[in-house]
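Here's the letter readout for the chains.
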There are 2 protein chains.
Amino acid sequence: MTSPSKILATCRVALADRSYDVRIGQGLLGDAASYFDLPRSRQALIVTNTTVGPLYGAALKAALAGRHDTLHYLELPDGEAYKTSETLGLIYDALLRPACDRKTLIYALGGGVVGDVAGYAAATYMRGVPFVQIPTTLLAQVDSSVGGKTAINHPLGKNMIGAFYQPLRVLCDLDALKTLAPRELSAGLAEVIKYGPIADMAFLAWLEEHMDALVARDPAALAYAVERSCAIKADVVGQDERESALRAILNFGHTFGHAIEAGLGYGQWLHGEAVGCGMIMAAHLSQRLGLIDAGLVDRLTRLCQRAGLPVTLSPALGLTPERMVELMQVDKKTEAGRLNFVLVDGHKARVQAVDADPVLDVIRTCQAQAA
Amino acid sequence: MTSPSKILATCRVALADRSYDVRIGQGLLGDAASYFDLPRSRQALIVTNTTVGPLYGAALKAALAGRHDTLHYLELPDGEAYKTSETLGLIYDALLRPACDRKTLIYALGGGVVGDVAGYAAATYMRGVPFVQIPTTLLAQVDSSVGGKTAINHPLGKNMIGAFYQPLRVLCDLDALKTLAPRELSAGLAEVIKYGPIADMAFLAWLEEHMDALVARDPAALAYAVERSCAIKADVVGQDERESALRAILNFGHTFGHAIEAGLGYGQWLHGEAVGCGMIMAAHLSQRLGLIDAGLVDRLTRLCQRAGLPVTLSPALGLTPERMVELMQVDKKTEAGRLNFVLVDGHKARVQAVDADPVLDVIRTCQAQAA
Ligand SMILES: NC(=O)c1ccc[n+]([C@@H]2O[C@H](COP(=O)([O-])OP(=O)(O)OC[C@H]3O[C@@H](n4cnc5c(N)ncnc54)[C@H](O)[C@@H]3O)[C@@H](O)[C@H]2O)c1
Ligand SMILES: NC(=O)c1ccc[n+]([C@@H]2O[C@H](COP(=O)([O-])OP(=O)(O)OC[C@H]3O[C@@H](n4cnc5c(N)ncnc54)[C@H](O)[C@@H]3O)[C@@H](O)[C@H]2O)c1
Ligand SMILES: [Zn+2]
Ligand SMILES: [Zn+2]
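Computed from a predicted structure; not experimentally measured.

**Points about the overall build of chain A**
Broken down by element type, chain A carries 12 helices and 11 strands. Its C-alpha atoms give chain A a radius of gyration of 20 Å, within 12% of the compact-globule value 21 Å for 371 residues. For chain A, the spread of C-alpha atoms along the principal axes amounts to about 60 × 40 × 40 Å. A total of 371 residues make up chain A; the buried ones form 60% of that total. By sequence separation, contacts in chain A at least 24 residues apart represent 74% of the contacts at least 6 residues apart. Carbon and sulfur atoms make up 52% of the accessible area of chain A, which totals about 13,800 Å². The centroid of the 35 positive side-chain charges in chain A is displaced by 5 Å from the centroid of its 39 negative side-chain charges.

Set out below in structure tokens:
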């Protein structure tokens with residue numbers, strides 16, 4: 001009962017004995033061929049949520065029919081609010097009640113929340129069981145499913161508990177993106193756009209040419225955008241798996257973005273929306289420090305607008321520049337006194353400590369443009 | 001305020017970029033020199049428990065004076081019953097409330113329980129912070145602090161949630177063993193004896209010569225026993241960090257031992273006591289399968305007796321051979337139908353699947369000898 005699939009691209013994440021492929025294509029999740037060479041453990045567990053499960057759970061189960069003696073299935077509640085130790089406990093229970101052993105394969109089917117929490121469960125169940133990422137949001141396909149960061153939230157902070165733990169494979173099925181809400185697609189596009197200024201200006205130009213096709217979910221355009229994004233991320237992660245330095249450039253726009261998310265209250269703006277606006281602020285900051293000219297700031301701004309992302313922070317939202325800087329100071333990426341930002345120079349990115357003053361200025365500018 | 005220390009031996013655990021030293025000696029934990037070349041993070045946290053903290057916490061704090069801007073201190077409740085996610089939450093809170101960052105160094109001061117839970121917290125706080133093992137029981141010095149296994153228990157099973165995560169250093173301070181309860185010393189000796197039959201028969205002969213000195217806590221004898229134990233464990237772990245195969249030989253006596261622990265109810269016998277008796281059963285099983293002769297079984301039995309360990313399982317305790325086999329079948333080390341055991345042949349160890357019948361026989365023999 002599986003449909004034929006098309007692999008449109010493959011990216012290798014090169015990490016010695018933890019290397020794996022990201023396969024990008026159509027019909028992948030429902031095709032038995034996608035799983036053919038993965039371990040056939042006695043037991044296996046599909047972890048998904050109450051939104052994605054009803055949409056794609058049956059296709060995945062059909063594709064896996066006969067591979068495992070027992071295939072367990074768990075639907076988590078949907079939402080970032082459930083990326084918690086309680087939800088993690090649901091996964092452990094689903095593994096322990098049927099006495100799943102250390103070879104049990106976990107399939108994470110869903111967006112970044114499912115991928116992060118199921119990946120963390122895989123990292124820690126019996127000190128690690130193998131798992132496969134099947135990301136179903138654009139953000140998860142271009143970012144969270146690749147690179148092995150897994151985590152849950154703690155009441156005192158997002159992603160505070162986690163592990164670096166690589167999957168055996170990532171299957172990016174572009175067909176799954178058809179059912180994604182438009183805001184979620186835009187949020188994913190923010191992380192796609194990010195890869196241009198930090199690593200590949202030619203990709204930025206390509207995005208300018210194909211943004212309308214991407215918003216219209218044209219499979220060929222999506223395939224290329226996912227491929228380039230994963231290739232850039234794989235390259236960075238291959239050089240710095242545990243974020244000792246280089247990997248931090250993937251957080252372009254995120255210092256501002258996290259402060260926006262926290263300041264507006266989690267759930268007001270999507271992560272990708274906050275990152276979109278945060279990238280514009282980070283671009284302004286790069287310009288203010290003489291690294292790029294206004295032309296590049298404008299290009300990024302227009303591109304984010306066309307992707308359906310907010311590019312200004314209306315003062316009416318009640319988040320002051322001072323409060324944002326305060327929030328940045330409690331964020332993990334700050335060092336005593338000065339704040340660390342990913343800045344771009346028109347070719348590549350760097351992490352740099354910056355005083356509060358230019359940061360406040362830049363936020364004020366973005367607020368003035370909204371007013 | 002630190003006393004001069006003596007390093008009596010050092011073992012290297014060779015694991016590429018995760019390599020580290022196990023230092024064995026006297027006065028180590030209270031000597032600033034033991035920490036001299038470790039990272040001086042802004043914040044640090046000592047994790048200990050309510051028994052070990054009052055005994056050695058002050059000496060550790062004095063040795064660390066001035067190394068970190070802030071040195072936090074956390075005493076966990078004492079006991080295996082607290083090796084839980086709730087206790088883990090106490091450590092996360094102690095790290096998150098003062099906003100400890102990803103460079104925060106954790107010092108685990110205590111027996112295997114403190115080392116396992118603090119090590120697991122280190123493995124997962126912000127996807128991993130550095131930590132140092134300062135084991136204060138013999139069992140922790142010769143076994144649990146070396147090799148990077150960390151874990152907590154789950155209501156449905158022991159050590160079910162965990163990670164492979166190596167410390168930066170292990171400091172085995174033999175002076176700390178002076179305050180150890182006699183039963184705890186014996187339990188540690190079980191894991192010491194284990195290394196003989198699985199890897200080094202000359203060490204077994206040495207143990208036969210020096211068992212009285214060990215029970216009397218002679219520092220020179222303890223130093224050699226800890227050194228050989230750590231060297232053998234380091235060698236095995238260096239070849240098979242994640243227990244894909246070889247590392248399993250370290251579980252000699254443990255399939256029987258776990259069934260004894262579970263069958264009598266956790267807390268009745270100490271882990272090391274159950275392992276001691278389990279080793280005798282595993283030796284009987286090796287003999288029954290023609291791998292060793294009765295002489296070696298007798299030698300092991302006498303050695304365990306002199307170490308103060310139980311070598312028979314009295315039927316009066318109410319644990320039947322059938323129940324034990326049942327418990328082994330739900331244990332993680334079993335495969336459908338047959339049971340996996342570590343067997344010895346008088347030179348080295350191997351893992352082998354065995355039918356239930358000889359296993360039942362062997363348990364009956366050990367019960368008959370007790371009656
Ligand atoms: N691990 C990493 O490296 C990394 C990187 C970036 C973000 N993240 C994490 O990812 C999470 C955000 O991921 P996300 O944006 O995918 O959010 P998400 O997982 O919450 O998914 C967004 C929404 O879309 C729904 N959905 C998913 N797939 C769908 C589909 N095909 N059709 C219809 N609806 C679908 C989900 O149920 C959810 O309601 C955050 O928790 C963030 O911390 C992790
Ligand atoms: N990680 C591994 O590879 C590994 C290997 C073997 C065992 N373990 C784990 O180790 C744990 C058992 O360790 P343990 O035997 O050290 O038990 P433990 O940590 O409970 O210590 C035993 C008792 O001795 C006390 N104590 C510790 N040091 C003392 C000292 N110097 N003076 C006086 N009292 C002291 C403790 O407070 C406790 O009451 C189990 O949870 C087991 O699962 C782990
Ligand atoms: Zn992001
Ligand atoms: Zn043991």
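**Things to note about the sheet that holds strand S2 (residues 20–26) of chain B**
Residue and element names in this part refer to chain B. Spatially, S1-S2-S9-S6-S5-S3-S4 is the arrangement adopted by the seven strands of the open sheet, whose pairing is mixed. Of all the strands in the sheet, just strand S1 (6–13) and strand S4 (70–76) have a single pairing partner and so form its edges. Between one strand axis and the next, the sheet turns through 15 degrees on average, direction left out of account. Bridging between S2 and strand S9 (residues 169–173) involves five bridges; their strand directions are parallel. Paired with Ile24 across the bridge in S9 is Cys172. This element, helix H3 (residues 112–124), spans strand S3 (43–49), S4, strand S5 (105–110) and strand S6 (131–135) of the sheet and lies at about 165 degrees to S5.

**Digging into the site of ligand 1**
Residues and elements named next belong to chain A. Close to ligand 1 lie 25 residues; Glu80, Gly112, Thr136, Thr137 and Thr179 are nearest. At 2.6 Å from an oxygen atom of ligand 1 is found a side-chain nitrogen or oxygen belonging to Thr137. Within the complex, the protein chains bury 88% of what would otherwise be the 870 Å² of accessible surface of ligand 1. Mapped by element, the contributors of at least two residues to the shell around ligand 1 are helix H1 (52–64), helix H3 (112–124), helix H4 (138–144) and strand S8 (157–164). Looking at the shell around ligand 1, its residues break down into seven nonpolar, nine polar and nine charged.

**Comments concerning the coordination of the zinc ion (ligand 3)**
Angles between donor atoms at a metal ideally measure 109.5 degrees for a four-coordinate tetrahedral arrangement and either 90 or 180 degrees for a six-coordinate octahedral one. For the zinc ion (ligand 3), the full set of protein donor atoms is A:Glu191 (OE), A:His254 (NE2) and A:His271 (NE2), at a range of 2.0 to 2.1 Å. Its relative accessible area of 4% is what places A:His254 among the buried residues.

**Considering the sheet that holds strand S5 (residues 105–110) of chain A**
Residues and elements named next belong to chain A. In spatial order, the strands read S1-S2-S9-S6-S5-S3-S4; together these seven strands make up an open sheet with mixed pairing. In this open sheet, the two strands that pair with only one neighbour each are strand S1 (6–13) and strand S4 (70–76). The mean inter-strand angle of the sheet, taken between neighbouring strand axes irrespective of direction, is 15 degrees. Relative to strand S9 (residues 169–173), strand S6 (residues 131–135) runs parallel, the two sharing two bridges. For Val132, the partnering residue across the bridge sits in S9 and is Arg169. Set on the sheet, helix H2 (residues 85–96) makes contact with strand S3 (43–49), S4 and S5; between it and S4 the angle comes to about 165 degrees. Its contacts with the sheet put helix H7 (residues 219–239) on S1, strand S2 (20–26) and S9, and the angle it makes with S1 is roughly 10 degrees.

**What to know about the coordination of the zinc ion (ligand 4)**
Residues and elements named next belong to chain B. Binding of the zinc ion (ligand 4) to the protein goes through Glu191 (OE), His254 (NE2) and His271 (NE2), at separations of 2.0 to 2.1 Å. In terms of primary sequence, the donors binding the zinc ion (ligand 4) are separated according to E-x62-H-x16-H. Here Glu191, found in helix H5 (residues 182–199), pairs with His271, found in helix H9 (residues 271–288); they are 80 residues apart in sequence, far enough to count as distant. On the basis of relative accessibility, which here comes to 24%, the residue His271 falls in the partly exposed class.

**Description of the interface of chain B and chain A**
Contacts between chain B and chain A engage 30 residues on the former and 30 residues on the latter. Counting each side, the surface lost to burial between chain B and chain A is near 2,700 Å², with a carbon and sulfur contribution of 54%. Counting across the interface, chain B meets chain A through two salt bridges. A salt bridge links A:Arg102 to B:Glu243, with the shortest nitrogen-to-oxygen separation between them at 3.6 Å.

**Quick look at the relation of the copies chain B and chain A**
For the pair chain B and chain A, the superposition axis carries a translation of 0.0 Å, the fit reaches an RMSD of 0.0 Å, and the rotation angle comes to 180 degrees. Taken together, these values place the two copies in the relation of a two-fold axis. Taken as a fraction of all interface residues of chain B, those also at the interface in chain A reach 100%, which identifies the copy contact as same-surface.

**Describing the pairing of S8(A)**
Residue and element names in this part refer to chain A. Counting buried positions along S8 yields seven of eight residues, so the element is predominantly enclosed. Where strand S7 (residues 149–154) meets S8, five bridges bridge the pair, whose relative direction is antiparallel. Within S8, the position partnered with His154 by the bridge is Gly157. The turn linking S7 back onto S8 is made up of two residues.

**Section: the packing of helix H9 (residues 271–288) of chain A against helix H12 (residues 356–370) of chain A**
Residue and element names in this part refer to chain A. In contact at an axis separation of 9 Å, H9 and H12 are set at 125 degrees when each is read in the N-to-C sense. In terms of orientation, H9 lies oblique with respect to H12. Crossing angle aside, the handedness with which H9 passes H12 is right-handed. The residues of H12 that touch H9, namely those facing Met281, His284, Leu285 and Arg288, are Pro358, Val359, Asp361, Val362, Ile363, Thr365, Cys366 and Gln369. Per-class residue counts for the contact of H9 with H12 are seven nonpolar, three polar and two charged.

**Examining the site of ligand 2**
Residues and elements named next belong to chain B. Near ligand 2 there are 25 residues, and of these Glu80, Gly112, Thr136, Thr137 and Thr179 occur at the shortest range. Interatomic distance of 2.7 Å between a backbone N/O atom of Gly112 and an oxygen atom of ligand 2. Burial of ligand 2 by the surrounding chains reaches 88%, relative to a free accessible area of 860 Å². Secondary-structure elements contributing two or more residues to the shell around ligand 2 are helix H1 (52–64), H3, helix H4 (138–144) and strand S8 (157–164).

**Regarding unusual backbone geometry**
All names here are of chain A. The phi angle at Asn159 is positive, at roughly 55 degrees, despite the residue not being glycine. Relative to the elements of secondary structure, Asn159 occurs in strand S8. Of note in this structure, Arg217 is not a glycine but carries a positive phi near 60 degrees. Relative to the helices and strands, Arg217 is located in the loop between helix H6 (201–215) and H7.

**Description of the confidence of the model for chain A**
Scored by pLDDT, chain A comes out at a mean of 95, with 97% of its residues at no less than 70. At the level of chain-chain contacts, confidence expressed as ipTM amounts to 0.94, with global pTM at 0.96.

**Some remarks on the pattern of salt bridges**
Residues and elements named next belong to chain A. Taken as a whole and assessed by the stated rule, the structure comprises 50 salt bridges over all chains. Here Glu80 makes a salt bridge to Lys158, at a shortest N to O gap of 3.5 Å. Placement of the pair is Glu80 in the loop between S4 and H2 and Lys158 in strand S8, with a sequence separation of 78 residues. A residue is classified by how much of its surface remains accessible, and Glu80, at 32% relative accessible area, is partly exposed. Lys178 is the partner of Asp175 in a salt bridge, and the nearest nitrogen-oxygen pair spans 3.6 Å. Counted as one network, the salt bridges with shared partners bring together Asp143, Glu191, Lys194 and Lys233.

**What about the packing of helix H8 (residues 254–264) of chain B against H9(B)?**
Helix-helix packing is described using two parameters, namely the angle between the two axes and the distance between the axes. Residues and elements named next belong to chain B. Their axes nearest at 7 Å, the elements H8 and H9 cross at an angle of 130 degrees. For the element pair H8 / H9, the angle class is oblique. Viewed along their axes, H8 and H9 form a crossing whose handedness is right-handed. Only His271, Ala274, Val275, Cys277, Gly278, Met281, Ala282 and Leu285 of H9 make contact with H8, whose side of the interface consists of His254, Phe256, Gly257, His258, Ile260 and Glu261. The residue makeup of the contact of H8 with H9, split by class, is eight nonpolar, five polar and one charged.

The rules we used
- Residues numbered from 1 in each chain as written.
- Chains lettered and ligands numbered in written order.
- Predicted model: local features only at pLDDT ≥ 70, side-chain atom pairs only at ≥ 80, totals over all residues.
- Heavy atoms only, no water.
- Helix = DSSP H or I, 4+ residues; strand = E, 2+ residues; numbered from the N terminus.
- Rg over C-alpha atoms; globule rule 2.2 N^0.38 Å.
- Buried < 20%, exposed > 50% of the residue type's maximum accessible area, 1.4 Å probe, protein only.
- Contact = heavy atoms within 4.5 Å.
- Areas by Shrake-Rupley, 256 points an atom, 1.4 Å probe, with all protein chains shown as cover.
- Lys, Arg positive; Asp, Glu negative; His and termini not counted.
- Charge placed at Lys NZ, Arg CZ, Asp CG, Glu CD.
- Pairing = 2+ DSSP bridges.
- Axes fitted to C-alpha atoms, helices over the stretch in contact; angles between N-to-C directions.
- Near = heavy atom within 4 Å.
- Polar contact = N/O pair within 3.5 Å; in protein donor to acceptor, adjacent residues only side chain to side chain.
- Nonpolar A, V, L, I, M, F, W, Y, C, P; charged D, E, K, R; others polar.
- Donors = N, O, S within 2.8 Å, 3.2 Å for Na, K, Ca; no water.
- Buried area = accessible area lost by both parts, 1.4 Å probe.
- Salt bridge = Lys/Arg side-chain N within 4 Å of Asp/Glu carboxyl O.
- Least-squares fit on C-alpha atoms with pLDDT ≥ 70 in both.
- Parallel < 35°, antiparallel > 145°, perpendicular 65-115°, else oblique.
- Left-handed = near helix turned anticlockwise from the far one by under 90°.
- pLDDT = per-residue confidence, 0-100.

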